[in-house]
Amino acid sequence: MRKIRVLSVFGTRPEAIKMCPLVLELQQREEIESLVCVTAQHREMLDGVLKSFGVTPDFDLNVMRPEQTLSALTSRVLEGLGAVFVKAQPDLVLVHGDTTTSFSAALAAFYERIIVGHVEAGLRTYDRYSPFPEELNRQLVGRLAALHFAPTAQNKANLEREGIKEGIFVTGNTVIDAMRYTVGDGSFSSPALRALDFENERHIVLTCHRRENYGAAMEQIFSAVRRLVDAYPDVRFVYPVHPSPAVQETASRMLGNVPRVELIEPLDTFEMHRLMSRCYMVMTDSGGIQEEAPALGKPVLVLRRETERPEAVKAGTVRLAGVETEKIVSLASALLEDKALYARMAQAVNPYGDGRASGRIADAICYMFGYTQTAPELFSPTGTASRPS
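Residues numbered from 1 in each chain as written. Predicted model: local features only at pLDDT ≥ 70, side-chain atom pairs only at ≥ 80, totals over all residues. Heavy atoms only, no water.

A.B. asks: Honestly, the overall build of the chain in this entry has me stumped. Any pointers?
C.D. replies: On a plain count of helices and strands, the chain comes out with 16 helices and 13 strands. Along the first, second and third principal axes, the C-alpha atoms of the chain reach 65 × 45 × 40 Å. With the model as given, the accessible surface of the chain reaches about 16200 Å², and the carbon-plus-sulfur share is 49%. (Helix = DSSP H or I, 4+ residues; strand = E, 2+ residues; numbered from the N terminus. Areas by Shrake-Rupley, 256 points an atom, 1.4 Å probe, with all protein chains shown as cover.)

Structure, rendered in structure tokens:
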């Protein structure tokens, strides 16, 4: 039998963090010929991840443009992938999560009657405008895909509730796999991070960049940060500021001169994971960090009104803080003052993976293409493996 030709398509730093471990796994499989296409939807934030993991793309669409619109981005990815498919002749196109790259690539593959596999399938808020445009992107990819690699049983249940009954595999999330490569000894190359005093201060990692938080919500979040550093002299916030002009302006205006709030350049994956491994807690509106920080034993406050990762709330690794100043301050203060609460969150079992998701996905691909007869084991946070029925 000839090798299964698998083309992985991604374009942003978060996608690359989660897809690179899978790419490395696919490269080790004798049954698979692994190819990579990057769209470079976020050029400057993507290249560092690829370099860190040692992944060299076979195709690079380089679609990023200043102030690009979602419509223009979608159009460029659709047109660019047409030529890639002609050269690569893939049997399977893998896309990740909820980006515009993922949706566009899935649609382009569907137009060419190429099988689509969706990594990190089944996450939902069921509010089409939050997060925007990610929520509808992932729902649309779910309709286009034939193979669904769901991180959790809840994600699988979401898909089944939508009428998707076949090709679903519960694998865990590949971001947990990535930490085998990224955390290391926790040392930093960034001078800004090396200057931090982890012995005498409690550091809170902050990320805030989502479109739905632009404007008043972001101002409320930053007001909470100001109140917390005023109230706790041993607390220091470390905020890698997203390059979006809207985020940069608000962060500079509200936090630029606040003592013990460090506004720093965006970090590469390795530095970010190492920073989280040494911090006290995390406050974020990111999706992936809700999975990453609990794997490092760090409590997370989610700076959003809802989350597509309710498993973390149920498991007790994260708490939903919303975007109102008073609630954020209240929940953060509780974690800073209540040692028992902190310990419960820090020691809760991460529901998102055990570091073997990439292997399960590769096994599922070989199984679905008839190269193996045994269905892959499914991920369970209890440690009890099972197989698809």
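There is more to say after this.
A.B. asks: Which parts of the structure should I look at to understand the packing of aromatic side chains?
C.D. replies: Remark: the centre distance and the inter-plane angle together describe each pair of aromatic rings, the angle taken between the planes. What the rule picks out here adds up to 8 aromatic pairs. Ring geometry for Phe 222 against Tyr 239: centres 5.7 Å apart, planes inclined by 55 degrees, an arrangement best described as tilted. Separated by 17 residues along the polypeptide, Phe 222 in helix H9 (residues 216–231) and Tyr 239 in strand S9 (residues 235–240) bring together distant segments of the chain. You'll find Phe 222 and Tyr 239 in the same group, each marked buried. (Phe/Tyr/Trp six-rings, centres within 6.5 Å; stacked < 30°, edge-to-face > 60°. Buried < 20%, exposed > 50% of the residue type's maximum accessible area, 1.4 Å probe, protein only.)

A.B. asks: Mind showing me how you'd approach the sheet that holds strand S8 (residues 202–207) here?
C.D. replies: Backbone-to-backbone hydrogen bonds join strands into a sheet, with any given pair of strands oriented parallel or antiparallel. Spatial ordering of the open sheet is given by S10-S9-S8-S11-S12-S13, a layout of 6 strands whose pairing is parallel. The sheet is open, and its two borders are formed by strand S10 (261–264) and strand S13 (318–320), each paired with just one other strand. Sheet twist, expressed as the mean angle between neighbouring strand axes with direction ignored, is 20 degrees. Here S9 runs beside S10; their pairing, made up of 4 bridges, is parallel. By the bridge assignment for S10, Pro 240 is matched with Ile 264. Relative to the sheet, H9 contacts S8, S9, S10 and strand S11 (281–284), its axis offset from that of S9 by approximately 150 degrees. Helix H11 (residues 269–278) contacts S8, S9 and S11 of the sheet and is inclined by roughly 140 degrees relative to S8. (Pairing = 2+ DSSP bridges. Axes fitted to C-alpha atoms, helices over the stretch in contact; angles between N-to-C directions. Contact = heavy atoms within 4.5 Å.)

A.B. asks: Teacher, can you tell me more about the pairing of S11 here?
C.D. replies: Side chains on a regular strand alternate between the two faces of the sheet. Judged by which residues are buried, S11 turns out to be covered on both faces: Met 281 and Met 283 on one side and Val 282 and Thr 284 on the other are all buried. In terms of strand pairing, S11 meets strand S12 (residues 300–302) through 3 bridges, oriented parallel. Within S12, the position partnered with Met 283 by the bridge is Leu 301. As a crossover connection, the stretch from S11 through helix H12 (residues 289–295) into S12 is right-handed. (Right-handed = clockwise from strand over helix to strand, strands pointing away.)

A.B. asks: Sorry if this is basic, but what is going on with the environment of Glu 15 here?
C.D. replies: Along the chain, Glu 15 turns up in helix H1 (residues 13–27). A distance of 2.8 Å separates polar atoms of two side chains, one belonging to Glu 15 and the other to Thr 99. (Polar contact = N/O pair within 3.5 Å; in protein donor to acceptor, adjacent residues only side chain to side chain.)

A.B. asks: Any chance you could explain empty space enclosed by the protein here in plain terms?
C.D. replies: In this approach, a probe sized like a water molecule rolls over the atoms, and the result shows the empty space that is left. Going through the model one piece at a time under the given rule, you end up with 1 cavity of 30 Å³ or more. Its volume calculated, the largest cavity comes out at about 40 Å³. What lines the largest cavity is simply His 96, Val 119, Glu 120, Phe 149, Pro 151, Thr 171, Gly 172, Asn 173, Thr 174 and Ile 361. Considered class by class, the residues forming the lining of the largest cavity number 4 nonpolar, 5 polar and 1 charged. (1 Å grid on protein atoms, 1.4 Å probe; cavity = no way out; pocket = protein on both sides within 12 Å on 5 of 7 lines; lining within 4 Å. Points joined across faces, edges and corners; volume = space filled by probe spheres on them. Nonpolar A, V, L, I, M, F, W, Y, C, P; charged D, E, K, R; others polar.)

A.B. asks: What's the story with the nonpolar core in this structure? I'm lost.
C.D. replies: Burial of nonpolar side chains together is a common tendency in soluble globular proteins. The biggest cluster of nonpolar side chains holds 39 residues, and the ones touching the most others in it are Phe 222, Phe 237, Tyr 239, Met 281 and Met 283. Here Met 281 is in contact with His 203, Ile 204, Val 205, Pro 299, Leu 301, Ala 332, Leu 335 and Leu 336, once residues within four sequence places are set aside. Grouped together as the second largest cluster of nonpolar side chains are 35 residues, Cys 20, Ala 40, Phe 149 and Ala 362 included. (Core = buried A, V, L, I, M, F, W, Y, C linked by side-chain atoms within 4.5 Å.)

A.B. asks: Would you take a moment to explain the environment of Gly 359 for this structure?
C.D. replies: Here Gly 359 shows up in helix H16 (residues 357–368). For Gly 359, a relative accessible area of 17% corresponds to the buried category. A sequence separation of 291 residues divides Gly 359 from Gln 68, and the C-alpha atoms of the two residues are 36 Å apart. For Gly 359, the residues in contact, after removing those within four places along its chain, are Glu 25 and Arg 29.

A.B. asks: Looking at this structure, how should I read H9?
C.D. replies: Since one α-helical turn is 3.6 residues long, residues separated by three or four positions face the same way. With 16 residues, H9 should reach 22 Å at 1.5 Å per residue; the first-to-last C-alpha distance of 23 Å fits that figure. Each element contacted by the buried residues of H9 is listed here: S8, S9, helix H10 (245–255), S10, S11 and helix H14 (325–337). (Expected span 1.5 Å × (residues − 1).)

A.B. asks: Would you take a moment to explain the side chain of His 273 for this structure?
C.D. replies: Position of His 273 relative to the elements: it lies in helix H11. His 273 gets classed as buried once you look at its relative accessible area, which sits at 1%. A distance of 2.7 Å separates a polar atom in the side chain of His 273 from a polar atom in the side chain of Thr 182. Once you skip the residues sitting within four places of it in the chain, His 273 turns out to touch Ile 17, Met 179, Thr 182, Val 183, Glu 292 and Leu 296.

A.B. asks: Would you mind showing me how to read the sheet that holds strand S5 (residues 115–119) here?
C.D. replies: On the basis of which strands lie adjacent, the open sheet formed by 7 strands has the order S3-S2-S1-S4-S5-S6-S7 and parallel pairing. Sheet topology places strand S3 (59–60) and strand S7 (168–170) at the edges, where each strand pairs with a single neighbour. With 3 bridges connecting them, strand S6 (residues 147–150) and S7 associate as parallel partners. Its bridge partner lying in S7, Ala 150 is registered against Val 170.

A.B. asks: What's the story with the packing of helix H3 (residues 70–88) against helix H4 (residues 100–111) in this structure? I'm lost.
C.D. replies: Two packed helices can be described by the angle between their axes and the distance between those axes. Put simply, H3 and H4 touch, their axes get as near as 9 Å, and they point 45 degrees apart. On the basis of the axis angle, H3 is oblique to H4. When the axes of H3 and H4 are compared, the crossing they make is right-handed. Residue-level contacts link Leu 70, Leu 73, Thr 74, Val 77, Leu 78, Leu 81 and Phe 85 of H3 to Thr 100, Thr 101, Phe 103, Ser 104, Ala 105, Leu 107, Ala 108 and Ala 109 of H4. (Parallel < 35°, antiparallel > 145°, perpendicular 65-115°, else oblique. Left-handed = near helix turned anticlockwise from the far one by under 90°.)

Geometric descriptors of this kind do not, in isolation, establish any biological role.
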